[in-house]
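Report on the structure
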Amino acid sequence: MTEQELIAHAKQVMERAYAPYSGFQVGAALLAKSGAVYLGCNVENASYGATICAERAAISKAVSEGEREFCAIAIVCSTGQKAYPCGICLQVMSEFFPDGNVILEEQGHMEVFSVRQLLPAAFSFKGDPEMSAGVMIG
Ligand code: THU
């Protein structure tokens, strides 16, 4: 799977975006280490905050299918400009593939960033979930 092929997949799924409110369509193609590709588009909602971004749609699909390890994600948008992922999507990418790549394209020119480059100070949970689950209140 080449970067160009992954971009082509992202362009195809972008056509399925449900974006009646912003008119801004986004497509994402996520390459798992298994070799499988998972596609996602943005799915908007009348309650704007309920919208899901294309990147997280693709990641959720993949994780639901049992995938946890990823190489790269290609992202495109309907304006044809570089579709930099939002902060929430970068945080979700950092959870699963901080060393993976984000592949963007503008006017036929591809650019590749690492997830870490785009979100160098990602949040990570350092607490002990077992301890906090046992905390007594009052
Ligand atoms: N959007 C994405 O799909 N991915 C991003 O990383 C940023 C924004 C979508 C959400 C919404 O449907 C539209 O773009 C405008 O914000």
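The numbers attached to residues start from 1 for each chain and follow its sequence in the written order. Residue-level local features of this predicted model are given only where pLDDT is at least 70; pairs of side-chain atoms are given and counted only at 80 or more, and the full residue set underlies all totals for whole chains, interfaces and linings. For side-chain calculations, the full set of non-hydrogen atoms in the structure is used, while hydrogens and water are omitted.

1. Observations concerning the pattern of salt bridges
So the rule is basically this: Think of a salt bridge as a Lys or Arg side-chain nitrogen and an Asp or Glu carboxyl oxygen that are within 4 Å of each other. We count a stretch as a helix when DSSP gives it H or I for four or more residues in a row; a strand needs E for two or more, and each element gets its number in order from the N terminus. Three labels apply to residues, based on accessible area from a 1.4 Å probe with only protein chains included: buried if under 20% of the type maximum, exposed if over 50%, partly exposed otherwise in between.
One pass over the structure, following the stated rule, counts 4 salt bridges. D99 is the partner of R116 in a salt bridge, and the nearest nitrogen-oxygen pair spans 2.7 Å. Taken as a pair, R116 in helix α4 (residues 115-118) and D99 in the loop between α3 (87-96) and β4 (101-106) lie far apart in primary sequence, 17 residues in all. The exposure class of R116 is partly exposed, given its relative accessible area of 43%.

2. Quick word on the state of the cysteines
Rule in force here: Throughout, a disulfide means two cysteine sulfur atoms within 2.5 Å of one another.
All told, the structure shown has 0 disulfides when counted by the stated rule. With no disulfide of its own, C86 has C89 as its nearest cysteine by sulfur position, at a separation of 3.8 Å.

3. Some remarks on the pairing of strand β3 (residues 70-77)
Stated precisely, the cut-off is as follows: Two strands pair if DSSP finds at least two bridges between them. The path from the first strand over the helix to the second decides the hand: if it runs clockwise while the strands point away from the viewer, the crossover is right-handed.
Extensive coverage of β3 is indicated by the burial of 7 of its 8 residues. As defined by bridge partners, strand β1 (residues 26-32) adjoins β3 across 7 bridges and the pair is classed as antiparallel. Bridge pairing links L30 to I73 in β3. Across 3 bridges, the pairing between β3 and β4 is parallel. Among the inter-strand pairings, I73 is bridged to a residue of β4, identified as V102. Note on the crossover from β3 through α3 to β4: the handedness is right-handed.

4. Quick word on the side chain of E55
Under the convention used in this document: Counting rule applied: Lys, Arg positive; Asp, Glu negative; His and chain ends not counted. Only heavy atoms enter the contact rule, under which two residues are in contact if any of them lie within 4.5 Å.
Mapping E55 onto the fold places it in helix α2 (residues 54-64). At 6.5 Å, R56 is the nearest oppositely charged side chain to E55, a buried residue that forms no salt bridge. The contacts of E55, once residues within four sequence positions are left out, are V26, A28, I73, I75, P85, C86, C89 and M93.

5. Quick notes on the site of the ligand
Where we set the bar: Nearness here has a simple test: a residue counts as near a molecule or strand if at least one of its heavy atoms is within 4 Å of that partner. A 3.5 Å cut-off defines polar contacts: any pair of N or O atoms within that distance qualifies, except that in protein one atom must be a possible hydrogen donor and the other a possible acceptor, and neighbouring residues in sequence count only when both atoms are side-chain atoms. As a working rule, the residues Ala, Val, Leu, Ile, Met, Phe, Trp, Tyr, Cys and Pro are called nonpolar, Asp, Glu, Lys and Arg charged, and the rest polar, with Gly in that last group.
Neighbouring residues of the ligand: S22, F24, V26, N42, E44, T51, C53, A54, E55, P85 and C86. In this structure, an oxygen atom belonging to the ligand sits 2.9 Å away from a side-chain N or O atom of N42. In the environment of the ligand, an oxygen atom lies 3.0 Å from a nitrogen or oxygen atom belonging to the backbone of A54. The residue makeup of the shell around the ligand, split by class, is 6 nonpolar, 3 polar and 2 charged.

6. Some words on the pairing of β1
Counted residue by residue, β1 has 7 buried out of 7 residues, so it is predominantly covered. Both faces of β1 are covered, namely the face carrying V26, A28, L30 and A32 and the face carrying G27, A29 and L31. Across 5 bridges, the pairing between β1 and strand β2 (residues 37-41) is antiparallel. Residue L30 lies in a different strand from β2, and its bridge partner there is Y38. From the end of β1 to the start of β2, which pair antiparallel, there are 4 residues, and G35 there has a positive phi angle of about 100°.

Honestly, it's all geometry; don't read function into it.
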